[in-house]
Structure formats: structure tokens, C-alpha cells
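Examination of the molecular architecture
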Amino acid sequence: MDNNEALEAIRKEIKEGKNEIAGPMIMDLASKNQDDPMTLLTCASMLLTIGDRTNFPSIISVIMGHVPEDADTKYQIVQGLISLGALKDAGKILADMEPSDKIHRARAAVFHGTDRFEDALAALGAMTVQEEVDRVLKVQALGALGKHDKAIALAKEILSGSTTYRAGRCYISALVLAGREKEAAKYAKERMKDKSADGYALMAFYQWLNGNSTAGGAFSSKALKIENKHLGALETIGLSFADKGSFWEAKIAAGAINEIEPGSPAVFRILALCKD
């Protein structure tokens, strides 16, 4: 059985809820691929998916012992580690990499995730060209530092040139963090008037952010009826289920996200709340 066949067999066991079978299969595959960091990253991701945090660090340790010199492969490993929440390990690899916009972006993500918000802003500031994702991260860093006026102003600027779910979510987050919930609610209601998947998903996110998991789940369901692969709605419904202790349903949402976008950090944000 080659790696692809082994991975498919593991996915089948996970999908059927047979984690007690999937776990040893994952570790067996990892033991046979100790010099293949990309396969090991997939194994690590699967361990988190089944809630095995005991063996997870050992696989990350093996990955860190087999980091190749090739810059492109290094970057892929960094991206994988960031998605898995192994931020300090990603940071160790990034420290020796030649600076470029994508390296600055990755460093900013690591700094932000480890609460080094000023460093995150500095990394973003070193970029030649900032994309929407970078400006959204800047909003988050500014908000975390309590610079709410600057965060909201930048979020509005992003919105002026974009109607994406990510831009809307960024604006809602900035307002709520600043204690301006009424403005966030008003914006969410305005976006919901078009009865689009993004509109319902943004209202779902607003409700969840304000501690109303029931409404967050309900509006997410409306979004998913329109667009069943809406990543934002899937994340919010997963977080809402997890908040209510419905871990099985939360894991189903996480699995759906992973099918659409393998290695998405949203998967692990949901799984982190699943305590069973």
C-alpha cells in the first residue's frame, strides 16, 4: 500500500468515526515516512482531527529534525506548521529564511498568534505589497494593542474596496473589540438584507462573537442552505456547536472544512474547543 492508498484508508476510518483504528494507522504511516515532512504534516493534521494530542508533538519533533534546505519546501512546511498551530516551530524555520513578502506574511502570522503584536505590525510593514489578507491581519493586531480607532479606520478602508466575507468579518471584529456592538449589529443587518450566503454568515459571526451560539448556528444554517461550502458559515456553525458541547456536530463541520480547504486553521480552531 502506497502513501496515497494509506491516507485514503485512514480518511475512511475517520469519516466513519473509527478513531481507535485510525490512530495506529496514522502513527504507522508516520513511522514509515520520517524523512518526508509533507506526509508527516498530513499525519499531524489527522491526529488533531481525531483529537490525539499525545502523539502530535512527537510528529512535529520529527518534522523539525528533517527540514530540507530547499526554500520552497521550507515555506510549505512553515505554512503547514502555522495551520496546525505549531507557531513556535514555524518561527524557528522562518528565522533563517531569506526575507520576501510571503516570508514577512508568515512571520506576521506567527507573531500575531504568539501575542507579539508590535512585531506582527513590523513584519507587515516590511512587505512591498500588502494584500487583503495582510491588511486584515494588521486590523487584528491593531485591535489587540487597543488601537481601536486605527483598526476600525483600516477595516473601513478595506471594506471600501471589497465586499468579501473576510472584509466584512474583519470590520465586525474590529467594532466588537472596540465595544461598538451596536454599529457591528447594524452593519451585519445591512449585509443580511440581500439574503446572500455572505450576509447570513456575517450575521452568524456577529451573533457568535457576542456569545449567542444558538443564533450563530441558526444564521450559519441559513448561509449553508444557499452555499453549502461557505467556509465562514461552516466555521461559525462548528464553533457554535462546540460552545454548546455538541462536539460530534462540531467535528463534522471541521471535517467539512478540511474537505474543502485541507489544513485550514479554522479546522483546528473548532477542534481546540472540542474537549471530549
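Model, not experiment: these values are computed from the prediction.

Rules behind the numbers
Residues numbered from 1 in each chain as written. Predicted model: local features only at pLDDT ≥ 70, side-chain atom pairs only at ≥ 80, totals over all residues. Heavy atoms only, no water. Helix = DSSP H or I, 4+ residues; strand = E, 2+ residues; numbered from the N terminus. Rg over C-alpha atoms; globule rule 2.2 N^0.38 Å. Areas by Shrake-Rupley, 256 points an atom, 1.4 Å probe, with all protein chains shown as cover. Lys, Arg positive; Asp, Glu negative; His and termini not counted. Charge placed at Lys NZ, Arg CZ, Asp CG, Glu CD. Expected span 1.5 Å × (residues − 1). Buried < 20%, exposed > 50% of the residue type's maximum accessible area, 1.4 Å probe, protein only. Contact = heavy atoms within 4.5 Å. pLDDT = per-residue confidence, 0-100. Axes fitted to C-alpha atoms, helices over the stretch in contact; angles between N-to-C directions. Parallel < 35°, antiparallel > 145°, perpendicular 65-115°, else oblique. Left-handed = near helix turned anticlockwise from the far one by under 90°. Nonpolar A, V, L, I, M, F, W, Y, C, P; charged D, E, K, R; others polar. Salt bridge = Lys/Arg side-chain N within 4 Å of Asp/Glu carboxyl O. Phe/Tyr/Trp six-rings, centres within 6.5 Å; stacked < 30°, edge-to-face > 60°.

**Here's the deal with the overall build of the chain**
- Looking only at helices and strands, one finds 17 helices and 0 strands in the chain.
- What you see for the chain is a C-alpha radius of gyration of 19 Å, in line with the 19 Å of a compact globule of 276 residues.
- Each of the three principal axes of the chain carries a C-alpha extent, and together these read 55 × 45 × 25 Å.
- When the accessible surface of the chain is split by element, carbon and sulfur atoms take 52% of a total near 13800 Å².
- Charged side chains in the chain number 34 positive and 37 negative. The centres of these two groups are separated by 8 Å.

**Brief notes about helix H7 (residues 101-113)**
- In a regular helix each residue adds 1.5 Å, so 13 residues correspond to 18 Å; H7 covers 18 Å between its end C-alpha atoms and thus fits that length.
- For H7, the full list of buried residues reads Ile-103, His-104, Ala-106, Arg-107, Ala-108, Val-110 and Phe-111.
- Check the buried side of H7 and you find it contacts helix H5 (71-83), helix H6 (87-94), helix H8 (117-125) and helix H9 (132-144).
- Once H7 finishes, Asp-115 follows within two positions and takes phi at roughly 65°, a positive value.

**Some words on the confidence of the model for the chain**
- In this model, the chain carries a mean pLDDT of 93, and residues with pLDDT of at least 70 account for 99%.
- In the model of the chain, helix H17 (residues 265-271) stands out as the element of lowest mean pLDDT, 87, in contrast to H8, which has the highest, 98.

**Quick look at the side chain of Thr-236**
- Among the structural elements, Thr-236 can be located in helix H15 (residues 231-243).
- Residues contacting Thr-236, with those up to four places away along its chain left out, are Tyr-165, Ala-204, Phe-205, Trp-208, Gly-216 and Ser-220.

**Let's talk about the environment of Leu-159**
- Looking at the element boundaries, Leu-159 is found in helix H10 (residues 148-160).
- Classification of Leu-159 as buried rests on a relative accessible area of 18%.

**So, the environment of Lys-102**
- Topologically, Lys-102 is positioned in helix H7.
- Between the C-alpha atom of Lys-102 and that of Gln-130, which follows or precedes it by 28 residues, the distance is 9.9 Å.
- In this view, Lys-102 contacts Asp-72 and Tyr-75; residues no more than four positions away in its chain are not counted.

**Focus: the packing of H9 against H10**
- Packing of H9 against H10 brings their axes to within 8 Å, and their N-to-C directions diverge by 160°. Taken together, H9 and H10 sit at an angle that is classed as roughly antiparallel. In the crossing of H9 with H10, the sense of the turn from one axis to the other is left-handed. For the pair H9 and H10, contact is made by Glu-132, Arg-135, Val-136, Lys-138, Val-139, Leu-142 and Gly-143 and by His-148, Lys-150, Ala-151, Leu-154, Ala-155, Glu-157 and Ile-158, respectively.
- Across the contact of H9 with H10, the residue classes tally to 7 nonpolar, 2 polar and 5 charged.

**With respect to the pattern of salt bridges**
- All told, the structure shown has 15 salt bridges when counted by the stated rule.
- For Glu-8, the salt bridge identified is with Arg-11, shortest N-O distance 3.8 Å. One end of the pair is Glu-8 and the other is Arg-11, both in helix H1 (residues 3-15) and 3 residues apart, which spans about a single turn.
- On the accessibility criterion, Glu-8 (49% relative accessible area) is partly exposed.
- A relative accessible area of 37% places Arg-11 in the partly exposed class.
- Two residues, Glu-183 and Arg-180, come together in a salt bridge whose shortest N-O distance is 2.7 Å.
- Given a relative accessible area of 28%, Arg-180 falls into the partly exposed group.

**As for the packing of aromatic side chains**
- Going through the model one piece at a time under the given rule, you end up with 2 aromatic pairs.
- Each ring, one from Tyr-171 and one from Tyr-187, has its centre 5.1 Å from the other, and the planes form 90°; the classification is edge-to-face. With Tyr-171 in helix H11 (residues 165-177) and Tyr-187 in helix H12 (residues 181-192), the pair connects residues that are 16 residues apart, well separated along the chain. In terms of burial, Tyr-171 and Tyr-187 fall into one category: buried.
- For the pair Phe-205 and Trp-208, a centre-to-centre distance of 6.3 Å together with 35° between the ring planes defines the contact as tilted. Taken as a pair, Phe-205 and Trp-208 lie in helix H13 (residues 197-209) at a separation of 3 residues, close to a single helical turn.

**Digging into helix H14 (residues 213-226)**
- In this model H14 runs 20 Å from its N-terminal to its C-terminal C-alpha over 14 residues, within 8% of the 20 Å that 1.5 Å per residue would give.
- Residues of H14 that are buried include every one of Ser-213, Ala-215, Gly-216, Gly-217, Phe-219, Ser-220, Ala-223 and Leu-224, and no others.
- Considering only its buried residues, H14 is in contact with H12, H13 and H15.

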